[in-house]
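# Analysis of the macromolecular model
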Amino acid sequence: MAPDVLELADKLWRGDIDTANLHPVSGFTGDVAEVAPGVAFVASFANVSAITTEDGLVLVDTGSSFVAGAIHQSVRGWSTQRLNTAIYSHGHIDHVFGVGVWEEESSAQGWPAPVVVAHDAVPARFDRYIVTAGYNEIINQRQFGVPGLRWPTEYRYPDQTYAQHLELDVGGVALELHHARGETDDHTWTWLAGPRVLCCGDLFIWASPNAGNPQKVQRYPREWAVALREMVDLEPEVLLPGHGFPVVGAARVRQALTDTADLLDSLVDQTLELMNAGARLDEVLHSVAVPVHLADRPYLRPVYDEPEFVVRNVWRLYGGWWDGNPSSLKPAPESALARELAALAGGAGVLAERALALLSTGAQGSDLTQSMRLAGHLAELAALAAPSDRGVHRARAEVFARLSKTATSTMAKGVFTWTARDSEGRAEEAD
């Protein structure tokens, strides 16, 4: 028999199972665990928390469109109450597309329609998603390796929003909603003081914080850390994250939240120190390091995002888009630079061959070695200089397939794998 949700959570905490093997952003399981009287946790690609009240259910997050029906069935196996209120922890599409199933049920049963509550900034996020649907479709296809993914253009907007703090009483159950800027600008964390349960959304996800995603909008690591410390002060006994598994026990919850805040604060502090000393982004990227005592925490592994990417977001937040290199302020077209370097080297094929040679010296490990990073540079330059060369694209495909295999995070693996497949296709077209 497979272990249940709380068994898995305990094994992950103790390190018996690694998040590299049980990824926190994984597929739907539908398993339900009652973590406190009247409070259930549904494990999914984006988790759902359910609370019973005298006037129906409260859901914190509702899941994605792909599993909305299955989540509804899972909750129905635990409670038959109508849905009274749905709270969006934030506006990412894997958290906000399950309301429709519950609304259909309420209509069919003659029940009052559920009310959706979210932060003030969620409607603006939905508006932005609509006008950038094409871009979001492309980057999420690349990030998750799903070429057929389609980005939605219709959203269930909230019925009620708030600015900083909102106290709700639903059927005699008190819920406190708190705004935080962290992974998003519209995040809500929900506190149930009675059972001492904290629903934190994606402010904790059993991985290095998603504060640096290279293809997404600005994130806010310092304010994220502040919010985590505010949560610690409440002394929660159960932590229900947006991704990954519950953390149970006051000491474990305190450690998980504090360690995550410490990691974020350290990355910000180190980056700002170097920026204030006049360092370029390149120096900052290769100087900032994760504190040694946090590097091996099972809930801070770089399996989804990476601290290196967080550093870039800190730079963008405090310093703007320019990296400090004068040649990048008004750069030549990349293809023109690539052709010039290829000519100096003796042709694009020479760059590709050198990329493969560098690749062979890069050891397999938990991170990309310098030689493998250089291989990526040269392979891309070769392809830009000779975009129709079959041999160049075969080399590029090999380089980025290896980089993908060596990378630890979903973000890096997605970009590298997409690039390898692009060159595989171009090489086939040239045959």
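Structure's up top.
Residues numbered from 1 in each chain as written. Predicted model: local features only at pLDDT ≥ 70, side-chain atom pairs only at ≥ 80, totals over all residues. Heavy atoms only, no water.

## Observations concerning the pattern of salt bridges
Opposite charge on two side chains makes pairing possible when the charged atoms of those side chains draw close. Overall, the coordinates contain 21 salt bridges when judged by the stated rule. Arg 301 is paired through a salt bridge with Asp 18; the nearest N and O atoms lie 2.8 Å apart. In this pair, Arg 301 sits in the loop between α9 (292-295) and α10 (307-319) while Asp 18 sits in the loop between α1 (5-14) and β1 (32-36), placing the two residues 283 residues apart along the sequence. Overall, Asp 18 belongs to the partly exposed group, its relative accessible area being 28%. Because the salt bridges share partners, they merge into one network encompassing Arg 222, Arg 229, Asp 262, Asp 265 and Asp 269. (Salt bridge = Lys/Arg side-chain N within 4 Å of Asp/Glu carboxyl O. Helix = DSSP H or I, 4+ residues; strand = E, 2+ residues; numbered from the N terminus. Buried < 20%, exposed > 50% of the residue type's maximum accessible area, 1.4 Å probe, protein only.)

## A word on helix α6 (residues 221-233)
The end-to-end C-alpha separation of α6 is 19 Å, in line with the 18 Å expected for 13 residues at 1.5 Å each. Of all the positions in α6, only Pro 221, Trp 224, Ala 225, Ala 227, Leu 228, Met 231 and Val 232 are classed as buried. Around the axis of α6, the buried residues are gathered within 160 degrees of arc, so they sit on the same side. Turning to α6, the residues buried within the fold contact β9 (173-180), β10 (187-192), β11 (197-201), α7 (250-276) and α10. Backbone geometry just downstream of α6 places Glu 235 in the positive-phi region, at approximately 55 degrees. (Expected span 1.5 Å × (residues − 1). Arc of directions from axis to C-beta. Contact = heavy atoms within 4.5 Å.)

## A word on the state of the cysteines
Per the counting criterion, the structure on display carries zero disulfides. Cysteine Cys 199 shares no disulfide, and the gap to the nearest cysteine sulfur, in Cys 200, comes to 7.9 Å. When its relative accessible area of 2% is taken as the criterion, Cys 199 is described as buried. (Disulfide = S-S within 2.5 Å.)

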